[in-house]
Amino acid sequence: MIYIEKARIEDAEKIVEIKKLAYSDEDIRFGGGGGENLKYIGDIGFISWCMNRYLLYKIMLDGIIIGTSWLDHETDDRPNHFELQDFCINPEYHNKGYGSKAIELMENIHKNINLWSLNTPVFSVRNQYLYEKMGYKKIGQTKDKVFYEKTIE
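First, a word on what this report is: a plain description of the structure on this page. (Residues numbered from 1 in each chain as written. Predicted model: local features only at pLDDT ≥ 70, side-chain atom pairs only at ≥ 80, totals over all residues. Heavy atoms only, no water.)

1. Overview of the nonpolar core
Among the nonpolar cores identified, the biggest contains 26 residues, and Ile59, Ile66, Phe87, Ile103, Tyr131 and Tyr136 are the most heavily contacted of them. Residue assignment for this core shows that the elements contributing at least two residues are strand 1 (2-6), strand 2 (55-61), strand 3 (64-72), strand 4 (81-89), helix 3 (98-109), strand 5 (115-121), helix 4 (125-133) and strand 7 (145-151). Looking at which element gives the most residues to this core, the answer is helix 3, with 5 residues. For Ile103, the contacting residues outside a window of four places in its chain are Leu84, Phe87, Leu130, Tyr131, Met134 and Tyr136. Val16, Ile47, Tyr54 and Trp70 belong to the second largest nonpolar core, which has 10 residues in total. (Core = buried A, V, L, I, M, F, W, Y, C linked by side-chain atoms within 4.5 Å. Buried < 20%, exposed > 50% of the residue type's maximum accessible area, 1.4 Å probe, protein only. Helix = DSSP H or I, 4+ residues; strand = E, 2+ residues; numbered from the N terminus. Contact = heavy atoms within 4.5 Å.)

This is the structure in structure tokens:
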């Protein structure tokens, strides 16, 4: 069974490991293998900082951490808004519906939030497909990133 819960400091090492796997897989499959986005993985210190500042979640499957994400409330001053950041799942668990379910669970936990936003690299076609499937609408693009929003009535 898949579920999400707030991450704890003892989860930090595993979260960094999952981010390395997910970001590296994405870079190799879709980013040309240049490694430009691998700098965003962070380390245990960054994970600790996120835990103290934001809502950092671990995505769990039958007691095993398979992914992570954090919710940023500072990038936008609109009320009832969260930005979904660093959403990633261990590539071993891709294409099984866990990403969709994890996003659905996050949105359900935060029913008071009716505006969600996120961005993803331009080359990340798999992420774009997932977000669009989950009802996120493309609102802009730079040469590097695609920006999405979703409003929940």
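2. Quick word on the pairing of strand 6 (residues 137-141)
Judged from the 4 bridges that link them, strand 6 and strand 7 form a sheet pairing that is antiparallel. Counterpart to Lys138 in the pairing with strand 7 is Tyr148. Here strand 6 folds back onto strand 7 in antiparallel fashion, the turn holding 3 residues. (Pairing = 2+ DSSP bridges.)

3. Considerations on helix 2 (residues 44-53)
For helix 2, the set of buried residues is Ile47, Cys50 and Met51. Viewed along the axis of helix 2, the buried residues span an arc of 100°, placing them on a single side of the element. A side-chain oxygen of the first residue of helix 2 lies 3.1 Å from the backbone nitrogen of Gly45; this N-cap is Asp43. (Arc of directions from axis to C-beta. Polar contact = N/O pair within 3.5 Å; in protein donor to acceptor, adjacent residues only side chain to side chain.)

4. A look at helix 4
Within helix 4, burial applies to Arg126, Asn127, Gln128, Leu130 and Tyr131. Just past helix 4, the residue Gly135 takes up positive phi, approximately 95°.

5. A short note on the packing of aromatic side chains
Following the criterion strictly, the structure yields 9 aromatic pairs and no others. With centroids separated by 5.9 Å and ring planes inclined at 25°, the aromatic side chains of Phe46 and Trp49 adopt a geometry described as stacked. In this pair, Phe46 and Trp49 both sit in helix 2, 3 residues apart, roughly one turn of the helix. A relative accessible area of 27% means that Phe46 is categorised as partly exposed. Joined through ring pairs, the aromatic side chains of Phe46, Trp49, Tyr54 and Trp70 make up one cluster. (Phe/Tyr/Trp six-rings, centres within 6.5 Å; stacked < 30°, edge-to-face > 60°.)

It is worth stressing that arrangement in space is one thing and function is another; only the former is reported here.
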